[in-house]
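One letter stands for each residue in the lines below.
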Amino acid sequence: MAYQTVPAANTALLIDTVAIEQGAAIARIAPEVYESNPTLHKQLHHFLDARFKVQQYKTAKTYNVDSGSLTEYHLNGRRTCM
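What counts as what
Residues numbered from 1 in each chain as written. Predicted model: local features only at pLDDT ≥ 70, side-chain atom pairs only at ≥ 80, totals over all residues. Heavy atoms only, no water. Helix = DSSP H or I, 4+ residues; strand = E, 2+ residues; numbered from the N terminus. Buried < 20%, exposed > 50% of the residue type's maximum accessible area, 1.4 Å probe, protein only. Contact = heavy atoms within 4.5 Å. Expected span 1.5 Å × (residues − 1). Arc of directions from axis to C-beta.

Participant: With reference to specific residues and values, describe the overall build of the chain.
Facilitator: Along its length, the chain carries two helices and five strands. Taken from the N to the C terminus, the helices and strands of the chain come in the order β-β-β-α-α-β-β. The buried share of the chain, reckoned over its 82 residues, is 15%. Counted over contacts in the chain with a minimum sequence separation of 6, partners at least 24 positions apart contribute 25%.

Next up, the structure:
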């Protein structure tokens, strides 16, 4: 799928943007938002699943959305992968 940035029209997701590029989806979420909403990971997964189902219907190409991972980017440049 070509690169695209999706504005956070669905405020229930509480995300700034989702970038989809070369088999990866990256959501930019403020740490305090992610930590205060324990179902956000699941909501984001359902959001991406729905977008890919539409794309699958249009292109007849199958897809697979795994459970995902969390990478924290710190102000000092350090990354923490979970």
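Participant: So what about the environment of Tyr73? Which residues, and what values?
Facilitator: In this fold, Tyr73 is placed in strand 4 (residues 71-73). Residue Tyr73 is classed as exposed on the basis of its relative accessible area of 58%. Taking the C-alpha atoms as reference points, Tyr73 and Pro31, 42 residues apart in sequence, are found 9.7 Å from one another. With residues near it in sequence (within four places) discarded, Tyr73 still touches Arg78 and Arg79.

Participant: Help me get a handle on helix 2 (residues 40-59), residues and values and all.
Facilitator: With 20 residues, helix 2 ought to run about 28 Å at 1.5 Å a step, and its terminal C-alpha atoms sit 28 Å apart, in line with that. All of the buried residues in helix 2 are Leu40, Leu44, Phe47, Leu48 and Phe52. Taken end-on, helix 2 shows its buried residues confined to a sector of 125°, consistent with a single buried face. Away from its buried face, by an angle of more than 90 degrees, helix 2 presents the exposed residues Lys42 and Tyr57.

Participant: Can you break down the side chain of Asn37 residue by residue, with the values?
Facilitator: Structurally, Asn37 can be placed in the loop between helix 1 (31-36) and helix 2. For Asn37, a relative accessible area of 15% corresponds to the buried category.

Shape descriptors only; they carry no functional weight alone.
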